[in-house]
Amino acid sequence: MYAAISLFIFVCLTAATHADPHHPCHAPNMTGCMTVMNLKGDVRGYGSFTYDSMSNKLRFKSNESQPVNTSLGLDLLMFFDEGIFYEIDSKNQSCEKKALQCTMHPLDIPNDAKFHGIINSGNPSIEGEGLKLNLWTGSMRGTKGHYVISVTMGCLPISSLYFTESTSFIVSNTDVELEIKDPDLLVVPSFCQGLPLEETPEGTVHSFLNEFM
């Protein structure tokens with residue numbers, strides 16, 4: 001697995017760079033599965049996601065039946081445009097409301113991302129055996145980190161690589177469907193409504209990505 005990730009990074013960084021005729025695209029509504037893995041091969045999170053691209057809302061729920069999942073019980077409802085998110089504990093009917101200091105997430109290309117190039121995954125000369133991907137790169141605001149995001153020609157995010165001073169990891173999406181199957185997942189649960197915003201400790205940066213670091 002580590003070798004495969006390393007090879008993918010090499011391909012990303014050596015892809016032919018093009019003059020940028022593109023502007024960052026934005027993904028459609030989606031439902032699917034998300035895996036977060038560091039480059040040592042440790043799974044930091046695995047679960048289902050529901051994403052509303054128009055409202056920029058994301059729900060991620062860990063799959064507790066996954067034995068290698070080290071983020072068991074993680075249930076996040078993110079409101080990126082509002083700059084807030086909820087950590088939800090449905091079992092105990094409780095949650096915490098927190099401020100987002102960073103709104104970057106792996107299902108959207110930042111507006112300041114730079115088009116890096118195009119790669120073909122698999123064998124494009126055989127029908128059904130190849131996938132053409134656009135690569136976008138950029139810096140992670142407020143850190144010395146960088147990212148590489150690969151999306152299909154239709155702007156479906158396939159994977160995102162993040163490199164920071166403390167860690168590096170890859171987010172991959174599978175079983176993606178272009179619909180919101182359960183809109184209620186993007187609604188604040190009744191037991192979370194009316195909560196005050198918790199104070200953010202000095203030096204803490206809340207973000208979707210930091211939940212897996």
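The rules behind each value
- Residues numbered from 1 in each chain as written.
- Predicted model: local features only at pLDDT ≥ 70, side-chain atom pairs only at ≥ 80, totals over all residues.
- Heavy atoms only, no water.
- Helix = DSSP H or I, 4+ residues; strand = E, 2+ residues; numbered from the N terminus.
- Buried < 20%, exposed > 50% of the residue type's maximum accessible area, 1.4 Å probe, protein only.
- Contact = heavy atoms within 4.5 Å.
- Areas by Shrake-Rupley, 256 points an atom, 1.4 Å probe, with all protein chains shown as cover.
- Phe/Tyr/Trp six-rings, centres within 6.5 Å; stacked < 30°, edge-to-face > 60°.
- Pairing = 2+ DSSP bridges.
- Axes fitted to C-alpha atoms, helices over the stretch in contact; angles between N-to-C directions.

**Student:** If you had to explain the overall build of the protein chain to someone new, which residues and values would you point to?
**Tutor:** Broken down by element type, the protein chain carries one helix and eleven strands. Out of the 213 residues in the protein chain, the part that is buried amounts to 45%. If you take every contact in the protein chain between residues at least 6 apart in sequence, the share linking residues at least 24 apart comes to 52%. Within the structure as shown, the protein chain displays about 11300 Å² of accessible surface, and the carbon and sulfur contribution to it stands at 52%.

**Student:** Give a description of the packing of aromatic side chains that names residues and reports values.
**Tutor:** Going through the model one piece at a time under the given rule, you end up with six aromatic pairs. Ring geometry for F79 against Y86: centres 6.1 Å apart, planes inclined by 80 degrees, an arrangement best described as edge-to-face. When sorted by exposure, F79 lands in the same class as Y86, which is buried. An aromatic cluster of at least three residues, connected via ring pairs, comprises F60, F208 and F212.

**Student:** So what about the sheet that holds strand β10 (residues 157–163)? Which residues, and what values?
**Tutor:** Pairing in this open sheet of eleven strands is antiparallel, and the strands run β6-β5-β4-β3-β2-β1-β11-β10-β9-β8-β7 from one edge to the other. At either end of the open sheet lies a strand with only one pairing partner, and these are β6 (94–99) and β7 (114–122). Adjacent strand axes in the sheet meet at a mean angle of 20 degrees, parallel and antiparallel pairs treated alike. Where strand β1 (residues 30–38) and strand β11 (residues 168–177) come together, seven bridges link them in antiparallel fashion. The residue bridging V36 from the neighbouring strand is V171, located in β11.

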